[in-house]
Amino acid sequence: MEEQKIYGEIYESPVGALTILAEKKGIRAIKFGEDEEVKSTGKANEMTRWAVKELEEYFQGKRKEFTVPCGPEGTDFQKRVWEALTRIPYGETRTYKEIAVEIGNPGASRAVGMANNKNPVPIIIPCHRVIGSDGKLTGYAGGLEVKEFLLNLERENRDEN
């Protein structure tokens with residue numbers, strides 16, 4: 001079996017550096033911060049450039065949905081959770097419990113939280129839109145300040161065209 005070549009690009013976003021990793025067919029991961037290997041040897045491709053363009057539009061408040069293909073690796077359960085996250089409307093939030101109910105596993109709130117934690121493509125797969133049942137912001141790979149920034153950005157731009 002042929003090994004997939006991974007492409008990388010670092011995008012300086014309003015929430016700091018984002019390292020975008022992709023194959024020819026889609027985005028594999030977005031990491032908060034600069035990946036040193038990508039910084040020194042990374043090569044962009046069509047997918048990383050597509051992701052950067054859409055992320056720029058998102059941070060400008062112009063993009064509400066992403067169209068760049070993503071191919072994150074995970075368990076079937078994780079993929080169901082991540083798919084459910086993509087259905088949370090821009091500028092809105094859901095609780096872990098609501099996501100568990102949506103995927104047909106109402107007792108799996110904690111497992112949903114763990115799947116959220118393992119989301120390899122944050123922002124594009126909007127795990128920042130999931131909050132605790134009490135309405136409080138809970139853990140986020142980029143930090144709670146970044147989660148709050150993203151939610152505020154979306155609330156401020158929700159009604160604009």
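Keep in mind the model is a prediction, meaning the values are calculated, not measured. (Residues numbered from 1 in each chain as written. Predicted model: local features only at pLDDT ≥ 70, side-chain atom pairs only at ≥ 80, totals over all residues. Heavy atoms only, no water.)

What follows concerns the packing of aromatic side chains. Inspection of the entire model under this criterion finds 6 aromatic pairs. A ring pair is formed by Y58 and F59, whose centres lie 5.3 Å apart and whose planes are at 75°; its orientation type is edge-to-face. Exposure class is identical for Y58 and F59. Each is buried. Using a relative accessible area of 10% as the deciding quantity, one classes F59 as buried. Through successive ring pairs, a cluster of aromatic residues spans Y11, Y58, F59, F66, Y90 and F149. (Phe/Tyr/Trp six-rings, centres within 6.5 Å; stacked < 30°, edge-to-face > 60°. Buried < 20%, exposed > 50% of the residue type's maximum accessible area, 1.4 Å probe, protein only.)

Our focus in this paragraph is the pattern of salt bridges. For the structure on display, the rule yields 10 salt bridges. Where E73 meets R28, a salt bridge forms, and the shortest distance between an N and an O atom there is 2.4 Å. Here E73, found in the loop between α2 (46-59) and α3 (76-85), pairs with R28, found in strand β3 (residues 27-32); they are 45 residues apart in sequence, far enough to count as distant. Take E73: its relative accessible area is 57%, and that puts it in the exposed class. Here D35 makes a salt bridge to K31, at a shortest N to O gap of 3.9 Å. What emerges from the salt-bridge pattern is a single network uniting K53, E54, E57 and R63. (Salt bridge = Lys/Arg side-chain N within 4 Å of Asp/Glu carboxyl O. Helix = DSSP H or I, 4+ residues; strand = E, 2+ residues; numbered from the N terminus.)

On to the sheet that holds strand β2 (residues 16-22). Spatially, β1-β2-β3 is the arrangement adopted by the 3 strands of the open sheet, whose pairing is antiparallel. Whereas interior strands pair on both sides, the edge strands pair on one side only; in this sheet they are β1 (7-13) and β3. Taking each pair of neighbouring strands and ignoring which way they run, the sheet shows an average axis angle of 20°. Where β1 and β2 come together, 7 bridges link them in antiparallel fashion. Looking across to β2, one finds that E9 is bridged to I20. Across the sheet, α2 is in contact with β1, β2 and β3; its angle to β1 comes to roughly 15°. (Pairing = 2+ DSSP bridges. Axes fitted to C-alpha atoms, helices over the stretch in contact; angles between N-to-C directions. Contact = heavy atoms within 4.5 Å.)

Restricting attention to buried positions, one finds in α3 the residues F77, Q78, V81, W82, A84 and L85. All buried residues of α3 fall inside an arc of 160° around its axis, so they share one side. Lining the buried residues of α3 we find α4 (96-102), α5 (109-117) and β5 (130-131). (Arc of directions from axis to C-beta.)

Moving on: the environment of E154. Counting through the fold element by element, E154 comes out in helix α6 (residues 144-157). The spacing of E154 and L55 is 99 residues in sequence and 13 Å in space, taken between C-alpha atoms. Residues contacting E154, with those up to four places away along its chain left out, are Y58, Y90, G91, H128 and R129. Polar contacts involving the side chain of E154 include one to the main-chain amide nitrogen of G91, which spans 2.9 Å. (Polar contact = N/O pair within 3.5 Å; in protein donor to acceptor, adjacent residues only side chain to side chain.)

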